[in-house]
Amino acid sequence: MKAAYNFVTDVDGFTPQNLVHMCLDYFDQESRGYDDFDAGTTKRRLYCDAIDRLVIERLARLESPCRVVSFGCGTGRREVKIAAALATPAELTGIENAPGMMARAAQRGIRTAPSLDDLDDSPPDRMSAALCLWSFGHLPTVELRLATLSGLFRLLRDDGVLLLDVFNLHDRHEWGTHLLDAGLGERRDVIYGKAGRRATAYVHYFSLGEISVLAERAGFVVETVRAVGYGQHPGRLDVPWDEGSLFLVCRKPRQSTERKALTL
């Protein structure tokens, strides 16, 4: 299964609210066939499988019980697959605002909420891990990105991890290079849609420095960053930095360490 995409780099006529609703509508419409599209598109399947293996490897190192919150969980297919691969079952919570996606995640047994603010009954410092799998780039402003990372940081317990992947601005096999060639590297924004369909979505391309600084501003320590092939050599780990998407492992420092640092 293959799909041709159209994309534009001019987002000046859209407000952040427009872009949020654009993504909501797009993924709501895509929800019915989303899993089949992932499975039937070779580069998507290979890439997602590679990222999922990295997530499983890191979650396996965490202490039980493993409680995972996934921001932008979509249908929940990947989260359920990841949880099933762990030696000890994980408790899953999904954040998803597209109704069709949320319904499918709930059918898979995932507790869902439309936003982090709706997790009022989830105490801070409780979650083992936070996931942002192909979702973080749909947030249209720095303020929303930082607020999301800060919210996930509050939910995590000490030494909890944030695992996320983002499209790389400098991946020469992806749309980000068109932004650079057009002198739009500072904007880093694309609106895209499948050819022949009216629905469109927004995505932001990150440089390594940009996403790392955002994570650190939210309080995380960036442990590792890896480039994973997508447009070229999909699913191959540790490709050159200009040939893949970025996968980050970030950690919430222990509070005792933070307090000690503040007194130095």
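Basis of the calculations
Residues numbered from 1 in each chain as written. Predicted model: local features only at pLDDT ≥ 70, side-chain atom pairs only at ≥ 80, totals over all residues. Heavy atoms only, no water. Helix = DSSP H or I, 4+ residues; strand = E, 2+ residues; numbered from the N terminus. Buried < 20%, exposed > 50% of the residue type's maximum accessible area, 1.4 Å probe, protein only. Contact = heavy atoms within 4.5 Å. Areas by Shrake-Rupley, 256 points an atom, 1.4 Å probe, with all protein chains shown as cover. Lys, Arg positive; Asp, Glu negative; His and termini not counted. Charge placed at Lys NZ, Arg CZ, Asp CG, Glu CD. Phe/Tyr/Trp six-rings, centres within 6.5 Å; stacked < 30°, edge-to-face > 60°. Lys NZ or Arg CZ within 6 Å of the ring centre and 35° of its normal. Expected span 1.5 Å × (residues − 1).

A.B. asks: How should the overall build of the chain be read in this particular structure?
C.D. replies: Helices and strands together make up the secondary structure of the chain, namely nine helices and ten strands. Each principal axis of the C-alpha atoms in the chain carries an extent, and together these give about 50 × 45 × 35 Å. Relative to its 264 residues, the chain shows a buried fraction of 52%. The long-range fraction of contacts in the chain, counting pairs at least 24 apart against all pairs at least 6 apart in sequence, stands at 73%. Counting only carbon and sulfur atoms, one obtains 51% of the accessible surface of the chain, whose full area is about 12500 Å². Distance between charge centres in the chain, computed from 33 positive and 36 negative side chains, equals 4 Å.

A.B. asks: I keep staring at the packing of aromatic side chains and nothing clicks. Help me out?
C.D. replies: Per the counting criterion, the structure on display carries 13 aromatic pairs. Plain terms: the ring middles of Tyr47 and Trp134 are 5.2 Å apart, the flat faces sit at 25° to each other, and that makes the pair stacked. Within this pair, whereas Tyr47 is found in helix α3 (residues 42-59), its partner Trp134 is found in the loop between β5 (127-133) and α6 (142-155), the two being separated by 87 residues in sequence. Across the pair, Trp134 and Tyr47 agree in class, each one buried. Ring pairing ties together the aromatic residues Phe7, Tyr26, Phe27, Tyr34, Trp175 and Tyr192, which thus form one cluster. The ring of Phe37 is capped by Lys194, whose NZ or CZ atom sits 3.7 Å from the centre of that ring. Seen from the ring of Phe153, Lys252 lies directly overhead, with NZ or CZ sitting 4.8 Å from the centre.

A.B. asks: Sorry if this is basic, but what is going on with α3 here?
C.D. replies: Two residues of an α-helix separated by three or four positions point the same way, owing to the 3.6 residues in each turn. Between its first and last C-alpha, α3 extends 26 Å over 18 residues, near the 26 Å set by a 1.5 Å rise per residue. Every buried residue of α3 is listed here: Arg44, Tyr47, Cys48, Ala50, Ile51, Asp52, Leu54, Val55, Ile56, Arg58 and Leu59.

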